[in-house]
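# Structural description and commentary
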Amino acid sequence: MVTMGKPLGSGLPCAVYGFGDLVADPVHADWDYHAADVCGVGGTLSGNALQLAAMRATLQEVLTAEAFAHTIPLARRWADGVQGVIDDHSLPWVVVRLGCRAEYWPRPVPPVNGGAAAEAEDPVVDEYLHLFALNRGILMTPFHNMALMAPATTVADVDRHTGVFREAVAAMVAG
């Protein structure tokens, strides 16, 4: 089963689902189509012309081979920069990267599910790092320490984050 959300619509709330017969057959066998609540789903799942236009534009103009050829190396550079700072300060933290998305966690191993991710959060450290970065012109994903490289992202943007992250960690470990 595959589910995709906001990135598919370049940030606009939308979603798609994909699954094979192994999942579809049991769902359809016990599905009363006429009792389905098509009006109460709302938001991400409701589907409308704007969401469809955003998804089409994203798939045709943004999520292209050329864009990934640019963004994946940037995410690798971002993750390598963060890992270098972690290594320099011997922090028990981890960096994970998947394609053009990367993030760091204040824990020694990556979380493997949502529960582990929630347990890995350190609100004090996260707030500090986010505010430190924001005060220097870098806006991180508001709910964790993740960056998604966009086609407009540059090497200078990535290196700026690494420099600010290095500064933040140095100040944090200094006390």
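Just so you know, these numbers come straight off a predicted model, no measurement behind them.

## Regarding the pairing of strand β4 (residues 101-105)
The element β4 is largely enclosed, with a buried count of four among its five residues. By the bridge criterion, five bridges tie strand β3 (residues 94-98) to β4 in an arrangement that is antiparallel. Bridging across to β4, V95 finds its partner in Y104. The loop that links β3 with its antiparallel partner β4 comprises two residues; one of these, G99, has a positive phi angle of about 60 degrees. With three bridges connecting them, β4 and strand β5 (residues 146-148) associate as antiparallel partners. Along β5, the bridge assignment pairs E103 with M146.

## Observations concerning the sheet that holds β3
As summarised here, the arrangement of the three strands in space is β3-β4-β5, forming an open sheet in which the pairing is antiparallel. If you trace the sheet from one side to the other, it starts and ends with β3 and β5, each paired once. When strand polarity is set aside, the average angle formed by the axes of neighbouring strands in this sheet is 10 degrees. Running over the sheet, helix α3 (residues 65-88) touches β3, β4 and β5 and is turned about 175 degrees from β3.

## Some thoughts on unusual backbone geometry
Even without a glycine there, the phi angle at S90 is positive, about 50 degrees. Looking at the element boundaries, S90 is found in the loop between α3 and β3. With a relative accessible area of 63%, S90 lands in the exposed category.

## So, the packing of helix α5 (residues 123-134) against helix α6 (residues 155-174)
Direction vectors running N to C along α5 and α6 enclose 130 degrees, while the axes themselves pass 10 Å from each other. Between α5 and α6, the angle is such that the two are oblique. When you trace α5 past α6, the crossing you get is right-handed. For the pair formed by α5 and α6, the contact residues are V125, Y128, L129, F132 and A133 on the first element and V164, F165, E167, A168, A171 and M172 on the second. Classifying every residue of the contact of α5 with α6 by side-chain character gives ten nonpolar, no polar and one charged.

## Thoughts on helix α2 (residues 49-62)
Across its 14 residues, α2 extends 19 Å between first and last C-alpha, which sits within 8% of the 20 Å expected from 1.5 Å per residue. All buried positions along α2 are accounted for by Q51, A54, M55 and T58. For α2, the buried positions fall inside an angular range of 100 degrees around the axis, keeping them on one side. Turned more than 90 degrees from where α2 packs its buried face, A49, L52, R56, Q60 and E61 sit exposed. In the core, the buried residues of α2 are packed alongside β2 (16-18).

## What about the nonpolar core?
The biggest cluster of nonpolar side chains holds 26 residues, and the ones touching the most others in it are W78, W93, Y104, M149 and F165. Taken together, the elements giving at least two residues each to this core come down to α3, β4, α5 and α6. The contacts of F165, once residues within four sequence positions are left out, are V82, V85, I86, W93, Y104 and L129.

## As for a nonpolar patch on the surface
Together, Y17, F19, L22, V23, V27 and W31 line one region of the surface with nonpolar side chains, adding up to about 630 Å² of accessible area. When residues in the nonpolar patch are grouped by element, the largest group, three residues, is from helix α1 (residues 21-29). If you trace the backbone, W31 turns up in the loop between α1 and α2. Overall, W31 belongs to the partly exposed group, its relative accessible area being 44%.

Here is what the cut-offs are and how they apply
- Residues numbered from 1 in each chain as written.
- Predicted model: local features only at pLDDT ≥ 70, side-chain atom pairs only at ≥ 80, totals over all residues.
- Heavy atoms only, no water.
- Buried < 20%, exposed > 50% of the residue type's maximum accessible area, 1.4 Å probe, protein only.
- Helix = DSSP H or I, 4+ residues; strand = E, 2+ residues; numbered from the N terminus.
- Pairing = 2+ DSSP bridges.
- Axes fitted to C-alpha atoms, helices over the stretch in contact; angles between N-to-C directions.
- Contact = heavy atoms within 4.5 Å.
- Parallel < 35°, antiparallel > 145°, perpendicular 65-115°, else oblique.
- Left-handed = near helix turned anticlockwise from the far one by under 90°.
- Nonpolar A, V, L, I, M, F, W, Y, C, P; charged D, E, K, R; others polar.
- Expected span 1.5 Å × (residues − 1).
- Arc of directions from axis to C-beta.
- Core = buried A, V, L, I, M, F, W, Y, C linked by side-chain atoms within 4.5 Å.
- Patch = residues over 30% accessible without salt bridge, like charges linked within 9 Å, V, L, I, M, F, W, Y side chains within 5 Å.
- Areas by Shrake-Rupley, 256 points an atom, 1.4 Å probe, with all protein chains shown as cover.
- Salt bridge = Lys/Arg side-chain N within 4 Å of Asp/Glu carboxyl O.

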